[in-house]
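Chain by chain, the residues run as shown.
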Amino acid sequence: GVQHLLMVRRKFSGAWRLLTAWGKLEVPGRAPPMLPAIALGLAGLALLDGRMDYSAILLFGFHAMLRIGEAFAITRERVAFNCNFLGVVDLGMTKGAKRKGAREFVECTESFVGKILVGALRDLQPGETLLRGSVAAFRQWFSHALVRAEVENHNLKPYSLRRGGATLCFQQSRCMSYVIERGRWSDAKTARIYVTEGLALLAQMNLSCAVTAK
C-alpha cells in the first residue's frame, strides 16, 4: 500500500520477503466451521420466528457449501426438484463461474433440506430471491439467534455454514476431491486448509449436552 500510494516502488528492499514471512506466522482470522447440530438449531429457530427463508438459507447453505451471497440469490425458476425434494439448483454466474466462464450448479441430496427450500420458494414471483428483506436484517437475526442458542462464544459467522458443510462432507466421504468438486473450489489448497482447520477447530469445540439438545 505504501509503495503504491507514495510511489516508492523498489525503495524498501526486502519488504515483500518480510510480508511473506508475516503472512506465514500470522494465521488469518477465518470464520470457524459450524457444527451440524448448531446449523439445525438455528434453522429451527428461524422456523419458530416464521422465517422459512432464513431456515432454507441456513440448511441449504450448509448442505451445499454455498457462499452466503449465493444462498441469498437463489430464485424459484433456478430450482429443479423431483417429488422427493431432491434435485439441482442453478446458482448462475457466481464468483467461481465468472472465472470458469460457465454457470455453476449444486445438488440437493437431502429430502428434508429440499422440502424447506421448496417451501420457502413456493410463493415467490419470478426473479424474486430466496432472501426476503435485507442482508443486514439477516445478519442481525443471525447474531441474535446465536445468543438464543447459547453458542455465541464460538464466534460463528454466516460463512461458517460453508466451512462447516465442507468439514462434514469430508468426514462422511473421506474424499477430498469430492469435497473440492461439491464446494466448487478452484484452489484445492484453499479447500484443504479449510477442511484441516475445520477438523482441528471442531475437536476443540466442547459443545455441552444441554446446548446440543436445544
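Refer to the preceding data block for the structure.
Remember, it's a predicted structure, so these values are computed and weren't measured experimentally.

(A) View of the layout of surface pockets. The volume enclosed by the largest pocket comes to roughly 380 Å³. Among the secondary structure elements, those contributing two or more residues to the lining of the largest pocket are α3 (36–48), α4 (52–63), α7 (111–121), α9 (160–173) and α10 (176–183). With five residues, α9 is the largest single contributor of residues to the lining of the largest pocket. Of the residues that constitute the lining of the largest pocket, the class distribution is 11 nonpolar, five polar and two charged.

(B) Fine view of the pattern of salt bridges. Under the criterion given, the structure shown has seven salt bridges. Residue Arg 67 is joined to Glu 70 by a salt bridge in which the shortest nitrogen-to-oxygen separation is 2.6 Å. For the pair Arg 67 and Glu 70, a shared accessibility class is recorded, and that class is buried. As a salt-bridge pair, Asp 90 and Arg 103 come within 3.0 Å of each other at their nearest N and O atoms. Taken as a pair, Asp 90 in strand β2 (residues 87–92) and Arg 103 in the loop between α6 (95–100) and β3 (104–108) lie far apart in primary sequence, 13 residues in all.

Calculation criteria
Residues numbered from 1 in each chain as written. Predicted model: local features only at pLDDT ≥ 70, side-chain atom pairs only at ≥ 80, totals over all residues. Heavy atoms only, no water. 1 Å grid on protein atoms, 1.4 Å probe; cavity = no way out; pocket = protein on both sides within 12 Å on 5 of 7 lines; lining within 4 Å. Points joined across faces, edges and corners; volume = space filled by probe spheres on them. Helix = DSSP H or I, 4+ residues; strand = E, 2+ residues; numbered from the N terminus. Nonpolar A, V, L, I, M, F, W, Y, C, P; charged D, E, K, R; others polar. Salt bridge = Lys/Arg side-chain N within 4 Å of Asp/Glu carboxyl O. Buried < 20%, exposed > 50% of the residue type's maximum accessible area, 1.4 Å probe, protein only.

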